[in-house]
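# Chain and residue survey
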Amino acid sequence: MSDKSSITVTLPDGSSLNVPRGSTPADVAHEIGARLAKSALAAKADGAVVDLARPLEHDVRLEIITEKSPEALELLRHSAAHILATAVRQVRPEAKIGFGPPIEDGFYYDFEVNEPFTPEELQEIEARMREVVRCNDPFERRVVTKQEARELFRDDPLKLERLEELGPEDVITVYRNGPFLDLCRGPHVPATGAVQHFKLLSAAGAYWRGDERRQMLQRIYGTAWFTEKDLEEYLHRLEEARRRDHRRLGRELGIFSVHPEAGAGLIHWHPRGALIRHTIEEFLKRTLLENGYDLVYTPHVASEELYRISGHIPTFVENMFAPMEQEGSERFRLKPMNCPNHIMIYRSETRSYRDLPIRYAELGTCYRFERSGVLHGMMRVRGFTQDDAHIFCTPEQIGDEYMRLLDLVGFMMTTFGYEYHVVLSTRPDKAIGDPAVYDAATDELRRVLDVRGLDYRVEEGGGAFYGPKIDIQLVDALGREWQGPTLQLDFNLPERFQLEYIGADNKPHRPVMIHRTLLGSMERFVGGLIEHYAGAFPLWLAPEQVRVLPITDDVRASAAELTDQLRRSGIRAHLDDRAETLGYKIREAETLKVPCMAVIGKREADAGTVAVRRRGTGRKQEVMPRPELIARLRRELESRALS
RNA sequence: GCUGACGUAGCUCAAGCGGUAGAGCGGCUGCCUUGUAAGCAGCAGGUUAAGGGUUCGAGUCCCUUCGUCAGCUCCA
């Protein structure tokens, strides 16, 4: 119990402390120990993160935030953003300040400036930031009235705009560090000196408030960490991502190319890439047939009428290629998606409840006119082949179908070596139809996820207007997340196309549809795999599985024979009988990331053996009888082993 | 689409203030017959992205178009 002049502070370990009213978390940290006082950055008071210098007025549960705390990096980066703005104001006194939040792995700050920042200027700004850090100015919080704030930011129109959105119930706070003052909710680290390990990364335009109709500001990105080691590790991760870039590896490994003459965003699959794709497609189709899907093919163009019925015109037009005009004919469109065509097939006969579920799958090639600025290697293109399927079923079958889908997703992702997260998206405000139907379906998806024991995140209101969905987020070898499979329920298209099936009651009923993709598009999926594997595809996917390397011309025949044996066993093998040294041939095979090198010298030719060197293992070779090599490779292929 | 940067041989990159476009790798030819990540030599390869302009003279300066990259906005 505390009297009027003191308050009780309860610490995370359950112990409590009496301190004078108005003490700060810094005081409390000091009370606990000198070490903690030194490492304290901020505090969590009754769950809310506050500054170390914020006076405590009531009894409170208090937790001191240090580098180790989960909130700490965000705090550090937010303060780093202020330091950035401080420096920018020195270099560009005219700069108007926008927002400067922490983001994953770093921070940014948006400025309205007369001229965009140059790379050299970024270096200068970074140098000035180090000055600001050296000054170790405290971050001082102050509560102000709206009128005061208007006065303080009278030269910063962007801040004023934000200010006017604050309501009377909002506490308006400003933070000062040295010469720099910002309208900011905080909290911050105690002083600029806490931000030691940082680097500015890039500058680029960014629309004010993310609205392309508003003016473009100049955004500077940076990263900040608590230790030099963390910073270096992060920069190393960026480097690693560059090293794995599918655009670079795609060219070096002979996987794909794009050509201005042929059109931006249109992928040309080279033989090696085509073989990877073929292997995946074959595996996928076999799996789908085993799982009760029917394969279909539908045309690449369709009459505009189809998209008027589906509703894609007008909602999707800006993503579609312009119509093709034909004399004496209706207008045609390149298809941007496969669903309307699959619906045509469904509608081609009267369906009975006994036929359902019907699962149509197609590797359907679609074309979308993506805005030029978004094109990116194989990941974002204008022509792509979707691993698409549409399941038509009764409302009662939804749960069962999702159960099967989740199993299939798990199988596929494990096969390619991806970890994944599951996200359930629920009804948004703009949803059509009976909310009860939408919610019941959502509950069913929830139940299915629970039955399968999957951990999942819920994105409230994140669903499409036409139905809830389950999204799968892939985690690749670098820990980056990618949009993976999506399992989208649709109440809308069956309605628009007036789909029916005859029920057991001999009356027509409306089926529901599930749009699902497991791999997304072949382009994006293979692009992702290149980066996931860093170009080193596992044996079963590698376009060239074995390279046979004769050391001299004398053993060429023996090596050619082995190549034939491998090929007859269903192994993709090539003979490299060029007049080059073994070292040269090995270097090239390693560069192309061929999983297995089979070396034949005089010893091996005489003994009928082969010296096997696996990719990336250096000089460690293993000599074995040739049938054994074939048997081992066969086993590895059949298991689709990942390494 | 927007902002900025960039576009030189197949690839990676050079070419003060505007003054005859170079190198390595790769390719081809020949020699070498090679034992675990680059053997030696020679040769070919360019309307400097395309188009226009300024200039005695443009890879270099200006404009337009196309493309690429970093972001923004938007999505398989």
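Residues numbered from 1 in each chain as written. Chains lettered and ligands numbered in written order. Predicted model: local features only at pLDDT ≥ 70, side-chain atom pairs only at ≥ 80, totals over all residues. Heavy atoms only, no water.

Before going further, it helps to spend a moment on the side chain of Lys585. With respect to the helices, strands and loops of the structure, Lys585 is situated in helix α18 (residues 582-591). For the buried Lys585, no salt bridge exists, and the shortest N-O distance to an oppositely charged side chain is 4.5 Å, to Asp576. Beyond its immediate sequence surroundings of up to four residues, Lys585 is in contact with Leu549, Pro550, Asp576, Asp577, Arg578 and Glu580. (Helix = DSSP H or I, 4+ residues; strand = E, 2+ residues; numbered from the N terminus. Buried < 20%, exposed > 50% of the residue type's maximum accessible area, 1.4 Å probe, protein only. Lys, Arg positive; Asp, Glu negative; His and termini not counted. Salt bridge = Lys/Arg side-chain N within 4 Å of Asp/Glu carboxyl O. Contact = heavy atoms within 4.5 Å.)

Here the focus is the protein's contact with RNA strand B. Around RNA strand B, the structure places 51 residues, and the nearest of them are Tyr207, Ser372, Arg380, Arg587 and Gln621. The sugar-phosphate share of atoms of RNA strand B within 4 Å of the protein amounts to 50%. Contact between RNA strand B and Arg603: a base oxygen at 3.1 Å from a main-chain N or O atom of the residue. Taken together, the elements giving at least two residues each to the surface near RNA strand B come down to β12 (197-207), β13 (216-225), α8 (246-252), β20 (383-393), β27 (512-521), α18, α19 (602-607) and β31 (609-614). When residues of the surface near RNA strand B are assigned to their parent elements, the largest contribution, 6 residues, is made by α18. Class assignment for the residues of the surface near RNA strand B results in 18 nonpolar, 15 polar and 18 charged. (Near = heavy atom within 4 Å. Polar contact = N/O pair within 3.5 Å; in protein donor to acceptor, adjacent residues only side chain to side chain. Nonpolar A, V, L, I, M, F, W, Y, C, P; charged D, E, K, R; others polar.)

All right, on to helix α16 (residues 522-532) then. Judged by how many residues are buried, α16 sits mostly within the fold: 10 of 11 residues are covered. Where α16 is concerned, the buried positions are Met522, Glu523, Phe525, Val526, Gly527, Gly528, Leu529, Ile530, Glu531 and His532. A positive phi of about 55° marks Ala534, the residue just after α16.

Within the secondary structure, Ala589 sits in helix α18. C-alpha separation for the pair Ala589 and Asp576, spaced 13 residues apart in sequence, amounts to 9.5 Å. With near-sequence residues (within four places) excluded, Ala589 lies in contact with Arg547, Val594 and Met597.

Applying the stated criterion across every chain, the model contains 16 aromatic pairs. On the numbers, 5.1 Å between centres and 20° between planes, the contact of Tyr109 with Phe111 is stacked. The same class applies to Tyr109 and to Phe111, which are both buried. Put simply, the rings of Phe283, Phe411, Phe416, Tyr418, Phe525 and Trp540 pair up and form one aromatic cluster. The ring of Phe198 is capped by Arg130, whose NZ or CZ atom sits 4.3 Å from the centre of that ring. The cationic tip of Arg640 hangs over the ring face of Trp540; the distance from NZ or CZ to the ring centre is 5.7 Å. (Phe/Tyr/Trp six-rings, centres within 6.5 Å; stacked < 30°, edge-to-face > 60°. Lys NZ or Arg CZ within 6 Å of the ring centre and 35° of its normal.)

A word on the pattern of salt bridges. The final tally for this structure, using the stated rule, is 59 salt bridges. In this structure, Glu212 and Arg371 form a salt bridge, with 2.7 Å as the shortest nitrogen-oxygen distance. Remark: Arg371 occurs in the loop between β19 (358-367) and β20 and Glu212 occurs in the loop between β12 and β13; sequence separation between them is 159 residues. Its relative accessible area of 56% is what places Arg371 among the exposed residues. Taking the shortest distance from any N to any O, the salt bridge between Arg634 and Glu638 comes out at 2.9 Å. Of this pair, Arg634 and Glu638 both sit in helix α20 (residues 626-639), 4 residues apart, which is roughly one turn of that helix. Its relative accessible area of 53% is what places Glu638 among the exposed residues.

Let us now look at the packing of helix α9 (residues 271-290) against helix α13 (residues 398-416). Interhelical geometry of α9 versus α13 gives an angle of 155° and a closest axis separation of 12 Å. What the angle tells us is that α9 and α13 run roughly antiparallel. Here the hand of the crossing between α9 and α13 comes out right-handed. Counted together, Ile280, Phe283, Leu284, Thr287 and Leu288 of α9 and Leu408, Phe411, Met412, Thr415 and Phe416 of α13 form the full contact between these two elements. (Axes fitted to C-alpha atoms, helices over the stretch in contact; angles between N-to-C directions. Parallel < 35°, antiparallel > 145°, perpendicular 65-115°, else oblique. Left-handed = near helix turned anticlockwise from the far one by under 90°.)

Here we take up the environment of His270. Assignment of secondary structure puts His270 in the loop between β15 (263-269) and α9. With relative accessibility at 30%, the residue His270 sits in the partly exposed group. Taking the C-alpha atoms as reference, His270 lies 66 Å from Ile32; in sequence the two are 238 residues apart. When sequence neighbours within four positions are dropped, the list of residues in contact with His270 reads Gly254, Ile255, Phe256 and Ser257.

It is worth spelling out the sheet that holds strand β28 (residues 546-550) at this point. Sheet strands pair via backbone hydrogen bonds, and the direction of the pair is either parallel or antiparallel. The strand order β29-β28-β30-β31-β32 describes an open sheet built from 5 strands, whose pairing is mixed. Among the strands making up the open sheet, the edge pair consists of β29 (573-575) and β32 (621-625). Within this sheet the neighbouring strands show an average axis-to-axis angle of 30°, counted without direction. Bridge count for strand β30 (residues 596-600) against β31 is 4 bridges, and the pairing is antiparallel. Residue Ala598 lies in a different strand from β31, and its bridge partner there is Val612. Where helix α17 (residues 556-568) meets the sheet, it contacts β28, β29, β30 and β31, and its direction lies at approximately 165° from that of β29. Across the sheet, α20 lies against β28, β30, β31 and β32, angled at about 110° from β32, the strand it touches most. (Pairing = 2+ DSSP bridges.)

This brings us to the packing of α9 against α16. Viewed as axis vectors pointing N to C, α9 and α16 meet at an angle of 110°, and their least axial separation amounts to 11 Å. Relative to α16, the element α9 is oriented roughly perpendicular. You can see that α9 and α16 cross each other, and the crossing is right-handed. Residues Ile276, Arg277, Ile280 and Glu281 of α9 form the contact with α16, whose participating residues are Met522, Glu523, Phe525, Val526 and Leu529. Split into classes, the residues belonging to the contact of α9 with α16 amount to 6 nonpolar, no polar and 3 charged.

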